[in-house]
Amino acid sequence: MELSKRIQQVTVLGAGQMGSGIAQTFAQHGYNTALYDITEAAVQRGIAAIETSLQRLVNKGRLTEEQRDAARSKLTPVNTLEACRESDLVIEAVPEQLELKQKLFRELDNICPPNTLLATNTSSLSITAIAAVTKRPEQVIGMHFMNPVPIMPLVEVIRGLATTEDTLLTIVELAESLGKTAVKVEDYPGFISNRILMPMINEAIYAVYEGVASPEAIDQIMKLGMNHPMGPLTLADFIGLDTCLSIMETLHDGFGDSKYRPCPLLRNYVSAGWLGKKTGRGFYNYE
């Protein structure tokens, strides 16, 4: 089968910020896209977020009203995994917990037809470990989008130990059909993006913890001195401090190297529920 024709129907699992962004991107590029979450309310919040995002693009002149309406017509909200029976590709974007993802992939393996490809948007977890719970590990792959998905041009494509060349090429071509740049990466903790980014964020948190400088000063130095568009602590708040901690723990466990140890201040903020922008407080106050 011609690679570009292989994927027609896509289901995205998880209607949060990443999942809704992934669903929007596929719908904008003409793919029939189902968006799933465990509750109807969660799905509707995801659809509402997509509609708001599409309208924002219209307001900025990046989309026409006709393109907005066409994208919306490609979206279908669902709250049952049975919808995956019709999918050529299922992309999982649920919380960053290995056991949760493995449980979901076992279910998908039983529900989906043999030709369905299974992708995970994990930002740090082992593709091989997720694939191993299925009977189709050769058809499991990492497809790590960047946030905000409709804007950011990169997709990390991560090949597990069993992932075939055919699966890899299909997903690379698919990512390119979305206007993204697909970069192939091997399956090691954190891949490339978070193996480099998260230790930088963690070191910035250590600098706050040790009283070297304030969050504002650290961010200003990295923006003005290193030409970063966003300081590491602002970025951490945007990503979610719980997610940052989870990725640092994955790096620390996966490599067994003390250079990846999460800063105690990061652990304290997460314990306090100060998770960043999504909770109104992190290294900055958003309330």
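Residues numbered from 1 in each chain as written. Predicted model: local features only at pLDDT ≥ 70, side-chain atom pairs only at ≥ 80, totals over all residues. Heavy atoms only, no water.

### A word on helix α7 (residues 165-177)
(1) Moving on: In this model, α7 (13 residues) spans 18 Å end to end at C-alpha, consistent with the 18 Å of a helix rising 1.5 Å per residue.
(2) Moving on: Positive phi appears at G179, one or two residues downstream of α7, with a value of about 80°. (Helix = DSSP H or I, 4+ residues; strand = E, 2+ residues; numbered from the N terminus. Expected span 1.5 Å × (residues − 1).)

### Some words on the nonpolar core
(1) Moving on: Counting residues in each nonpolar core, the largest one holds 37 residues, and the members touching the most others are F26, L89, I91, M143 and F145.
(2) Moving on: Listing elements by their share of this core, those giving two or more residues are β1 (9-13), α2 (17-28), α3 (40-59), β4 (89-92), β5 (117-120), β6 (140-145), β7 (154-159) and α7.
(3) Moving on: Here the element with the most residues in this core is α3; it accounts for six residues.
(4) Moving on: Membership of the second largest hydrophobic core comes to 24 residues, among which are Y206, A207, L241 and L245. (Core = buried A, V, L, I, M, F, W, Y, C linked by side-chain atoms within 4.5 Å. Buried < 20%, exposed > 50% of the residue type's maximum accessible area, 1.4 Å probe, protein only.)

### Looking at the pairing of β1
(1) Moving on: Counting buried positions along β1 gives four out of five residues, so the element sits mostly inside the fold.
(2) Moving on: Bridge count between β1 and strand β2 (residues 32-36): five bridges; the pairing is parallel. In the strand pairing of β2, V10 is matched with T33.
(3) Moving on: In this fold, the crossover linking β1 to β2 by way of α2 has right-handed handedness. (Pairing = 2+ DSSP bridges. Right-handed = clockwise from strand over helix to strand, strands pointing away.)

### With respect to the environment of S258
(1) Moving on: The topology assignment puts S258 in the loop between α11 (241-255) and α12 (264-272).
(2) Moving on: By relative accessible area, S258 is classed as partly exposed at 47%.

### Overview of the layout of surface pockets
(1) Moving on: The calculated volume of the second largest pocket comes to roughly 430 Å³.
(2) Moving on: Taken together, 18 residues line the second largest pocket, and the ones lying closest to its centre are Q24, A49, S53, R56 and P148.
(3) Moving on: Counting residues per element, the ones that place at least two in the lining of the second largest pocket are α2 and α3.
(4) Moving on: By residue number, the principal contributor to the lining of the second largest pocket is α3, which donates six residues. (1 Å grid on protein atoms, 1.4 Å probe; cavity = no way out; pocket = protein on both sides within 12 Å on 5 of 7 lines; lining within 4 Å. Points joined across faces, edges and corners; volume = space filled by probe spheres on them.)

### Let's talk about the sheet that holds β4
(1) Moving on: Strand order in the open sheet formed by eight strands is β3-β2-β1-β4-β5-β6-β7-β8, and the pairing between neighbours is mixed. Strand pairing shows two members of the sheet lacking a second neighbour, β3 (75-78) and β8 (181-186), which therefore form its edges. Strand-to-strand, the axes of this sheet are offset by a mean angle of 25°, without reference to chain direction.
(2) Moving on: Both β6 and β7 contribute to a ladder of five bridges, which runs antiparallel. Within the sheet, the bridge partner assigned to M143 lies in β7 and is V157.
(3) Moving on: Of the strands in this sheet, β1, β4, β5 and β6 are in contact with helix α5 (residues 98-111), which crosses β5 at around 165°. (Axes fitted to C-alpha atoms, helices over the stretch in contact; angles between N-to-C directions. Contact = heavy atoms within 4.5 Å.)

### Observations concerning the pairing of β8
(1) Moving on: Summarising the sheet, β7 and β8 pair through six bridges and their orientation is parallel. Along β8, the bridge assignment pairs V157 with K184.
(2) Moving on: For the segment spanning β7, α7 and β8, crossover handedness is right-handed.

### Regarding the pattern of salt bridges
(1) Moving on: Under the counting rule described, the total for this entry stands at 11 salt bridges.
(2) Moving on: Ionic pairing is found between E92 and K101, a salt bridge with its closest N-O pair at 2.3 Å. Accessibility assignment for this pair places E92 and K101 in one class, buried. (Salt bridge = Lys/Arg side-chain N within 4 Å of Asp/Glu carboxyl O.)

### Some points on the environment of I158
(1) Moving on: On the secondary structure map, I158 appears in strand β7.
(2) Moving on: I158 sits in the buried class, given a relative accessible area of 0%.
(3) Moving on: Separated by 39 residues in sequence, I158 and A119 place their C-alpha atoms 9.6 Å apart.
(4) Moving on: Ignoring anything within four residues of it in the chain, the contact list for I158 reads I127, I141, G142, H144, V185, E186, D187 and F191.

### Some points on unusual backbone geometry
(1) Moving on: Geometrically, the link from N147 to P148 is a cis peptide bond, its omega value of 0° lying close to zero.
(2) Moving on: On the secondary structure map, P148 appears in the loop between β6 and β7.
(3) Moving on: One non-glycine residue, F191, adopts positive backbone phi at about 55°.
(4) Moving on: With respect to the helices, strands and loops of the structure, F191 is situated in the loop between β8 and α8 (193-209).
(5) Moving on: By relative accessible area, which is 2% here, F191 ends up buried.
(6) Moving on: In the Ramachandran plot, N227 falls in the positive-phi region, its phi being about 65° despite a non-glycine side chain.

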